[in-house]
Amino acid sequence: AIGECGLDFVTDTPSDRQESYLSMQLELAQQYDLPVILHCRKAHHRLIPMLKRYPLLKGGVLHGFSGSAQQAMSYIELGFYIGVGGTITYPRANKTRVAVSQLPLEFLVIETDAPDMPMHGFQGQPNHPKMLPKVLSELALLKKESEQTIARSLWENSHKLLSICE
Ligand SMILES: [Zn+2]
């Protein structure tokens, strides 16, 4: 895949510079027919139109998703999976938790973003891939499905996203 790349309007890097690099990375993805791992903070309003300008056959994943179900659906419609991370373990992240509970399971994948994005209760500690089952448990609660059912879907989705054959 190409990435992680994307737009982060919480950093000091000017948005026009970020957008110019991202457009080159999206062109690369088009040229080599690869999926894209996308990062987005406070920039959905700029990122979604950019993805419409650079349609990607293989789509990709919007990692570390936080936002509304409507925003997530815009990415799904453009061929992207939604990367669900430790954000959903925070009771105060209600908007994202509600959004994730409403999204179709066949377009979700999970992640930790280790060492970033610590889980609820582990703030101030470096995150680790071993925390992934915590995201799975929380997702199972939100989707009102068994962890086994969720895990099976996530496994398949991850393979499809990265074109991995079993
Ligand atoms: Zn990121």
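Above this text is the structure in question.
We now turn to the structure provided with this report. (Residues numbered from 1 in each chain as written. Predicted model: local features only at pLDDT ≥ 70, side-chain atom pairs only at ≥ 80, totals over all residues. Heavy atoms only, no water.)

1. What about the overall build of the protein?
Phase 1: Within the protein, the regular secondary structure consists of 6 helices and 5 strands.
Phase 2: If you list the helices and strands of the protein from N to C, you get β-α-β-α-β-α-β-α-β-α-α.
Phase 3: Scaling as 2.2 N^0.38, a compact globule of 166 residues should have a C-alpha radius of gyration of about 15 Å, and the protein matches this with 15 Å.
Phase 4: Dimensions along the principal axes, computed over C-alpha positions, put the protein at roughly 40 × 40 × 30 Å.
Phase 5: The buried share of the protein, taken over its 166 residues, is 44%.
Phase 6: Counting contacts in the protein only where the partners sit at least 6 residues apart, residues at least 24 apart contribute 64% of the total. (Helix = DSSP H or I, 4+ residues; strand = E, 2+ residues; numbered from the N terminus. Rg over C-alpha atoms; globule rule 2.2 N^0.38 Å. Buried < 20%, exposed > 50% of the residue type's maximum accessible area, 1.4 Å probe, protein only. Contact = heavy atoms within 4.5 Å.)

2. Regarding the coordination of the zinc ion
Phase 1: Here the zinc ion is held by Glu4 (OE), His39 (ND1) and His63 (NE2), and the distances to it run 1.9 to 2.1 Å.
Phase 2: Spacing between the donor residues of the zinc ion along the chain follows E-x34-H-x23-H. Residue histidine 39 is located in strand E2 (residues 36-41), and its partner histidine 63 is located in the loop between strand E3 (60-62) and helix H3 (69-77); the two are separated by 24 residues in the primary sequence. (Donors = N, O, S within 2.8 Å, 3.2 Å for Na, K, Ca; no water.)

3. Quick look at the side chain of glutamate 111
Phase 1: Position of glutamate 111 among the secondary structure elements: in the loop between strand E5 (108-110) and helix H5 (132-143).
Phase 2: Buried and unpaired, glutamate 111 has arginine 41 as its nearest opposite-charge partner, separated by 12 Å.
Phase 3: Here the side chain of glutamate 111 touches histidine 63 through a polar contact of 2.8 Å, side chain to side chain.
Phase 4: If we ignore the near neighbours within four places in the chain, the residues touching glutamate 111 are His63, Gly64, Gly83, Val84, Gly85, Gly86, Leu132 and Val135. (Lys, Arg positive; Asp, Glu negative; His and termini not counted. Salt bridge = Lys/Arg side-chain N within 4 Å of Asp/Glu carboxyl O. Polar contact = N/O pair within 3.5 Å; in protein donor to acceptor, adjacent residues only side chain to side chain.)

As far as function goes, none of this settles anything; it's purely spatial.
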